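Results of the structural survey
Read off the chains here:
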Amino acid sequence: MDSVVSGRNVKILLVEDNEDIREGLTDLLESEGYSVAGSGSAEEGLARLRAESFQLVITDYMLPGETGGWLLEQAEREQRLRGMGAVMITAHPKVRPPAGVRLMHKPLDIDDFLRVVCESIPTLRAVGG
């Protein structure tokens, strides 16, 4: 996969309450050249979206407090997702993501995950990723 080159200057917000999973996905994404900021809850993720600029948000669906779906819907209402891609990860079979959000099911296939990440970043999509 050539995302090491294409991932440069791409900042990802990763919202995952399981610290081991968050660290593992952060290490994986950083090894591909992405810059990753982690959050452990939807509320914390929304605060990061309000304070910083990202090209992609990746969120787990089940989080303590509000869900990843709530995070994305609230961020969309506040126009925080403009020009940004979004991916939601879940183990639940009946989760419906908000419009425009890619849904991935656990357990994640690493190659598939990296492909979806690359395809979900608007700036990489525009140049053919």
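The structure contained in this document is the topic of the report that follows.

Cut-offs and rules
Residues numbered from 1 in each chain as written. Predicted model: local features only at pLDDT ≥ 70, side-chain atom pairs only at ≥ 80, totals over all residues. Heavy atoms only, no water. Helix = DSSP H or I, 4+ residues; strand = E, 2+ residues; numbered from the N terminus. Buried < 20%, exposed > 50% of the residue type's maximum accessible area, 1.4 Å probe, protein only. Contact = heavy atoms within 4.5 Å. Areas by Shrake-Rupley, 256 points an atom, 1.4 Å probe, with all protein chains shown as cover. Pairing = 2+ DSSP bridges. Axes fitted to C-alpha atoms, helices over the stretch in contact; angles between N-to-C directions. Salt bridge = Lys/Arg side-chain N within 4 Å of Asp/Glu carboxyl O. Right-handed = clockwise from strand over helix to strand, strands pointing away. Patch = residues over 30% accessible without salt bridge, like charges linked within 9 Å, V, L, I, M, F, W, Y side chains within 5 Å. Lys, Arg positive; Asp, Glu negative; His and termini not counted. Charge placed at Lys NZ, Arg CZ, Asp CG, Glu CD.

Focus: the overall build of the chain
Check the secondary structure of the chain and you find six helices and five strands. Along the chain, helices (α) and strands (β) appear in the sequence α-β-α-β-α-β-α-β-β-α-α when read from the amino end. When burial is assessed residue by residue, the chain has 46% of its 129 residues classed as buried. Here the analysis covers contacts within the chain between residues at least 6 apart in sequence; of these, 64% occur between residues at least 24 apart. Surface summary for the chain: the accessible area is close to 6700 Å², and the carbon and sulfur share equals 47%.

Points about the sheet that holds strand 1 (residues 11–15)
Spatial ordering of the open sheet is given by 2-1-3-4-5, a layout of five strands whose pairing is parallel. Strand pairing shows two members of the sheet lacking a second neighbour, strand 2 (35–39) and strand 5 (102–105), which therefore form its edges. Strand-to-strand twist of the sheet, defined as the mean angle between neighbouring strand axes without regard to direction, takes the value 20°. Note that strand 1 and strand 3 (residues 56–60) share four bridges and pair parallel. Bridge pairing links Val15 to Thr59 in strand 3. Running over the sheet, helix 3 (residues 42–51) touches strand 1 and strand 2 and is turned about 135° from strand 2. Packing against the sheet, helix 5 (residues 110–120) makes contact with strand 1, strand 3, strand 4 (85–90) and strand 5, and its axis sits at approximately 170° to strand 5.

Focus: the pattern of salt bridges
In this structure the tally under the stated criterion is eight salt bridges. Residues Arg80 and Glu78 are paired through a salt bridge, measuring 3.3 Å at the closest nitrogen-oxygen approach. Using a relative accessible area of 32% as the deciding quantity, one classes Arg80 as partly exposed. Classification of Glu78 by relative accessible area gives partly exposed; the value is 25%. The shortest N-O distance in the salt bridge between Arg115 and Glu119 comes to 3.1 Å. Highlighted residues: Arg115 and Glu119, both in helix 5, separated by four residues, approximately one helical turn. Overall, Glu119 belongs to the partly exposed group, its relative accessible area being 33%. Linked by salt bridges that have partners in common, Arg102, Asp112, Arg115 and Glu119 make up one network.

Describing the pairing of strand 2
On any regular strand, side chains alternate: one points to one face of the sheet, the next to the other face. Inspection of the sheet shows strand 1 paired to strand 2 by five bridges, in the parallel sense. When the sheet's bridge partners are listed, Lys11 is paired in strand 2 with Ser35. Between strand 1 and its parallel partner strand 2, the chain crosses via helix 2 (residues 19–31), and the hand of that crossover is right-handed.

What about a negative patch on the surface?
Where like charges cluster on the molecular surface, the negative patch consists of Glu19, Asp20, Glu23, Asp27 and Glu30. As for its position among the elements, Asp27 is in helix 2.

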